There are 2 protein chains.
Amino acid sequence: MEEQSEAMGSGISGREDWREEKHEQHAQVQVSEQTDNGEAHQYDVNKYERPSVTVDVLMMSLRQRDLQILLIKRRAWPYEGMWAIPGGFINMNESLESAAKRELQEETGVQDVYLEQLYTFGDPGRDPRTRVITVVYFALLDSERLQVRAASDAADVGWFSVYELPQLAFDHQEIVDYALNRLRNKLEYTTIAFNLLPEQFTLRELQRVYEIILHKRLDKRNFRKKILSTNILEDTGAKKMEGTHRPARLYRFNPAAEHKL
Amino acid sequence: MEEQSEAMGSGISGREDWREEKHEQHAQVQVSEQTDNGEAHQYDVNKYERPSVTVDVLMMSLRQRDLQILLIKRRAWPYEGMWAIPGGFINMNESLESAAKRELQEETGVQDVYLEQLYTFGDPGRDPRTRVITVVYFALLDSERLQVRAASDAADVGWFSVYELPQLAFDHQEIVDYALNRLRNKLEYTTIAFNLLPEQFTLRELQRVYEIILHKRLDKRNFRKKILSTNILEDTGAKKMEGTHRPARLYRFNPAAEHKL
DNA sequence: ATAATAGTGTCTGTGAGACAGTATTCT
DNA sequence: AGAATACTGTCTCACAGACACTATTAT
């Protein structure tokens, strides 16, 4: 697959914050605290030198029958010109997940997607500027909702096949590997795959999700047998007709059936 | 099970740092950086108010045929007098895992134990003093090596059954629940259980590890059949004789046999 | 002998994987 | 008729779980 550099809108990436924001002093929070012997101390939150904390979000979607992720081209040192996973600093009053959602919203404009904390990367030296600890989330987007935003244009944002990535900045390749692993494992025992499909889909489309992510072919009959036996699918009654062949039944995910794969 | 409050030595817990350390100013790191148009900016790492980052370590071990964790009694606000998972601030030049190992060493004196990153908890308000993001690790200790340290005395450190915990400080109960879940899942498809046993052990002892963690009885014959069929065990030739009954074969874990359960 | 735990084998049901031909639509 | 994809069933094998008796040691 060749590199994709499609249009993604909205301009401000999380990493922009890193350069553009105004200087702010640390608030000097003081909290009084009792010690063992009852003597009152002042607790000073600035007592320690603190690492920076960012939240990165690996957005994954199926596009052109391929598993692709959204990357941002760095315009400054370090790793200038290289592609990186979008992310940004965490605000003092938002949860980690909120920060991830904000990032997601800024980059793709979508909300209410599957979001899961992946891992926290914090080796000293992973960012040459300063100590940065990043809590990484990954998001699964269904390609249909994503189409909407694909109109605007930005040369520094693009979708790339996880199987054909350019060299990534920082330790981001490691992060992608980790995410792909997690995704593959969860595919086998959860219903996570449905998050990559629109509300209605055919069994063939679902099978394709598995095939693309697991990167191997699956037997059609065994796949259908297995999926249908779990009762997590609901026949919509509708059919999808495309091309010059027999139309396929459209199904819908039934979250009520908590049945695990 | 009743609460354990056994001796654990060495004095300085990670949480002590929180109170005792001297004030340190943030270093004012300045890194020059190129912007898009080539204009030179100063990058100031103190631009943002930053959360504190701690590393907590949930140490788990099998003691008295029970799954127990190490807790520390808080001696100051907030949650004064309540029990908490040990943890401490991360140093600027150590990795997350190193910080966890340091914590482990400080609390139990043991090294080279199984250590795995669990999850990162960072809701604003989880610590009333300030914004604290904690990267939680869990460690599995075999009870044998732990015995050594069980001699000294400290009233504010103790081992507790995960099934009979006192009320915990912060969101630490949630952390324990999360860890127990992870442990149970991994038990089924990895060889993680061996980390809770000494080098040599009987099949019955191994089965007990599973039973205690999964919190249910297992069939002896099925268990042995399953374990032995994987070839991950090596017969040491030795036998363990205790009590007035037939002695049991002693096995050793064979890591070479990468066979997954 | 008794007490106490170690150690062993069979049957049955379920699920995974291998495998090929018919059905329906459009041109 | 031909092209293209949807849809379906059987067999085999491996593994999980139910289940009960013999073996070995010390007292």
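Reading guide: rules and limits
Residues numbered from 1 in each chain as written. Chains lettered and ligands numbered in written order. Predicted model: local features only at pLDDT ≥ 70, side-chain atom pairs only at ≥ 80, totals over all residues. Heavy atoms only, no water. UniProt positions renumbered as here; feature names shortened; annotations may be inferred. Near = heavy atom within 4 Å. Polar contact = N/O pair within 3.5 Å; in protein donor to acceptor, adjacent residues only side chain to side chain. Axes fitted to C-alpha atoms, helices over the stretch in contact; angles between N-to-C directions. Helix = DSSP H or I, 4+ residues; strand = E, 2+ residues; numbered from the N terminus. Parallel < 35°, antiparallel > 145°, perpendicular 65-115°, else oblique. Contact = heavy atoms within 4.5 Å. Nonpolar A, V, L, I, M, F, W, Y, C, P; charged D, E, K, R; others polar. Pairing = 2+ DSSP bridges. Core = buried A, V, L, I, M, F, W, Y, C linked by side-chain atoms within 4.5 Å. Buried < 20%, exposed > 50% of the residue type's maximum accessible area, 1.4 Å probe, protein only.

The name recorded for chain A in an unreviewed UniProt entry is NUDIX hydrolase, from Dictyobacter halimunensis. Here is the UniProt Sequence similarities (unreviewed entry) comment for chain A, exactly as written: "Belongs to the Nudix hydrolase family."

Kindly report on the protein's contact with DNA strand C, identifying the contributing residues and their values.
Contacts to DNA strand C come from 22 residues, most closely from A:N222, A:T244, B:R224, B:H245 and B:R249. In the environment of DNA strand C, a base oxygen lies 2.6 Å from a nitrogen or oxygen atom belonging to the side chain of A:T244. In the environment of DNA strand C, a base nitrogen lies 2.9 Å from a nitrogen or oxygen atom belonging to the side chain of B:K220.

Just give me the short version of the packing of helix α5 (residues 203-214) of chain A against helix α6 (residues 220-229) of chain A, but keep the residues and values in it.
Residue and element names in this part refer to chain A. Where α5 meets α6, the closest approach of the two axes is 11 Å, and the angle between their N-to-C directions is 105°. Looking at the two axes, α5 sits roughly perpendicular to α6. Between α5, through L203, R204, L206, Q207 and Y210, and α6, the contact on the second element is made entirely by K220, F223, R224, I227 and L228. Tallied by class, the residues present in the contact of α5 with α6 amount to 6 nonpolar, 1 polar and 3 charged.

Account for the environment of A:K101, naming residues and giving values.
Its location among the elements puts A:K101 in helix α2 (residues 96-108). As for A:K101 and A:Y189, which are separated by 88 residues in sequence, their C-alpha atoms are 25 Å apart.

For the sheet that holds strand β11 (residues 233-240) of chain A, give the residues involved together with the corresponding values.
Residue and element names in this part refer to chain A. Ordered in space as β10-β12-β11, the 3 strands form an open sheet in which the pairing is antiparallel. Both edges of this open sheet fall to β10 (200-201) and β11, since each of them pairs with a single strand only. Of the strand pairs in this sheet, β10 and strand β12 (residues 248-253) are connected by 2 bridges, and their pairing is antiparallel. Within β12, the position partnered with F201 by the bridge is Y251.

Describe the nonpolar core, naming the residues involved and giving the relevant values.
Core analysis: the biggest nonpolar cluster contains 44 residues, and A:V55, A:V57, A:L141, B:V55, B:V57 and B:L141 have the highest contact counts within it. Core analysis: the second largest hydrophobic core is formed by 42 residues, A:L183, A:A193, A:L203 and A:I232 among them.

Provide a residue-level description of unusual backbone geometry, including the pertinent values.
Look at the link from A:W77 to A:P78: it is a cis peptide, with omega at -5°. By secondary structure assignment, the location of A:P78 is in the loop between β4 (66-73) and β5 (83-84). Non-glycine residue A:F170 carries a positive phi angle of around 50°. Within the secondary structure layout, A:F170 lies in the loop between β9 (157-161) and α4 (172-189). Positive phi is not limited to glycine here, since B:D112 has a value of about 55°. On the secondary structure map, B:D112 appears in the loop between α2 (96-108) and β7 (114-121).

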